[in-house]
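Structural features, examined
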Amino acid sequence: MENDTVIEARGLVKKYGALEAVAGIDLEVHAGEIFGFLGPNGAGKSTTISMLCTLLTPTAGVARVAGIDVMHDPSAVRQRIGLVFQDPSLDDQLTARENLEFHAFVYSVPSPDRRRRIDEMLEMMQLSDRASSQVKTFSGGMKRRLEIARGMLHQPQILFLDEPTLGLDPQTRKSIWTHLNELRTKKGVTIFMTTHYMDEAEYCNRIAIIDHGKIVALGTPDELKAMVGGDVVTITSADPEGAAQEITKLLGVTPSRDDGALRMEVADGKAFVPRLVRELTAPVDTVSLRRPSLDDVFLKLTGRAIREEEVSARDRNRAMASRWMGRRR
């Protein structure tokens, strides 16, 4: 493993009987970067993270986290990582400080360091004034910040985040990312995250898109968007079939369907749209022109728009949290 590589997977596979949930993944995550893991429901991203976090045992392949083989020494891996679950896993009856004190005890944080670290993380997450308040009085954003503080309390090299801002309003999501970027800057922590928010993925240094258990693309947001090429033109029509046929015949572009609209990738949208309006005889209700987004990349690679997981996030994350805390004890 290279000196700056903190997560490495080679040929990583996870099977459940005949089902191959992860089908031979190769990836590297570098120290200090924010690495995004994107994929539709059932793509294998949660299974992959569970293997990297030692919650699941790989069927085949090798994975090293912080330079340690996840199968040979899982306890050492768990000491070097923090994990923030998608679903809240705090004790609502305890105060913020009590939740952190319990975590510090579980992770064997040295007694002389506990109060200093707890105070530091509460201040960094702007929760110092609520340290003695019960968590049940916290907003969703405050709970998420406390969970991040808890995940960082034992000073991990890598912080795993599963849908870190799911269900939060845009302003709170932005605030969470301000804190995460501060953590990376001040603590040098590497962040490995899953998300289905494409605007949130823009915060990542690099992104891996996974589909059917395999990584189908990996690169910076700009590199991935360059895969779409040119501009994206979308139209709606009362006769979408007729419009699609005319566009293919007259303009040499084959539209794809996108929620009832017709979507086209063209080299020069500003030149294409006037031709489209001038030459098309089928009715056109609306026309939009924009630069490619990560949504477009996802649609191009997987053939479908990204969406929230259809399985119960609550049930999945409670199970993950139970396995994690059980192994910590």
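Structure first, text after, so check above.
Let us look at the structure shown here. Note that the coordinates shown come from a computational prediction; the quantities given were computed from them, not determined experimentally.

This paragraph deals with the sheet that holds strand E2 (residues 19-30). A sheet is described by the order of its strands in space; here four strands give the open sequence E2-E1-E4-E5, paired in antiparallel fashion. This sheet does not close on itself; its edge strands, each paired only once, are E2 and strand E5 (68-69). Bridge count between strand E1 (residues 5-16) and E2: nine bridges; the pairing is antiparallel. By the bridge assignment, Leu12 is partnered in E2 with Ile25. Packing against the sheet, helix H1 (residues 45-52) makes contact with E1, E2 and strand E4 (60-65), and its axis sits at approximately 120° to E1.

If you walk through the whole model with that rule in mind, you get four aromatic pairs. Centre to centre, the rings of Phe160 and Phe192 are 5.4 Å apart; their planes meet at 45°, and the pair counts as tilted. With Phe160 in strand E7 (residues 158-162) and Phe192 in strand E8 (residues 190-194), the pair connects residues that are 32 residues apart, well separated along the chain. For the pair Phe160 and Phe192, a shared accessibility class is recorded, and that class is buried. Plain terms: the ring middles of Trp177 and Tyr203 are 4.7 Å apart, the flat faces sit at 5° to each other, and that makes the pair stacked. Within this pair, whereas Trp177 is found in helix H6 (residues 170-187), its partner Tyr203 is found in the loop between helix H7 (198-201) and strand E9 (206-211), the two being separated by 26 residues in sequence. Look at Trp177 and you get buried, because its relative accessible area is 1%. Judged by relative accessible area, Tyr203 falls into the partly exposed class, the value being 32%.

Non-glycine residue Thr54 carries a positive phi angle of around 70°. In this structure, Thr54 sits in the loop between H1 and E4.

Quick look at the sheet that holds strand E14 (residues 286-290) now. Taking strand neighbours across the sheet as the criterion, the four strands line up as E12-E13-E11-E14 in an open arrangement whose pairing is antiparallel. Both outer strands of the open sheet, strand E12 (256-258) and E14, are each paired with one neighbouring strand and no more. For this sheet, the mean inter-axis angle between neighbouring strands, taken without regard to orientation, is 30°. Bridging between strand E11 (residues 231-236) and E14 involves five bridges; their strand directions are antiparallel. By the bridge assignment, Val232 is partnered in E14 with Arg290. Contacts from helix H10 (residues 269-279) reach E11, strand E13 (261-266) and E14 within the one sheet, and its direction differs from that of E11 by about 25°. Sitting on the sheet, helix H11 (residues 294-302) is in contact with E11, E12, E13 and E14, with an inclination near 95° to E13.

Analysis parameters
- Each chain has its residues counted from 1, running along the sequence as written.
- A pLDDT threshold of at least 70 governs which residues receive local features in this predicted model, and a stricter bar of 80 or more applies before side-chain atom pairs are shown or counted, although totals over entire chains, interfaces and linings include all residues.
- The basis for every side-chain value is the complete set of heavy atoms in the structure, and neither hydrogens nor water enter the calculation.
- Between any two strands, pairing holds if DSSP finds at least two bridges.
- For helices the rule is a DSSP run of H or I covering at least 4 residues; for strands it is a run of E covering at least 2, with both sets numbered from the N terminus onward.
- When checking whether two residues touch, look at their non-hydrogen atoms; a contact exists if any pair is within 4.5 Å.
- Where helices are involved, their axes are fitted lines through C-alpha atoms of the stretch in contact, as for all axes, and angles between N-to-C directions lie from 0 to 180°.
- Paired rings are identified among Phe, Tyr and Trp, the last through its six-membered ring, by centres lying within 6.5 Å, and are further divided according to the angle between planes into stacked (under 30 degrees), edge-to-face (over 60) and tilted (the rest).
- Buried means the residue's accessible area, taken with a 1.4 Å probe over protein chains only, is under 20% of the maximum for its type, while exposed means over 50%, and partly exposed covers the values in between.

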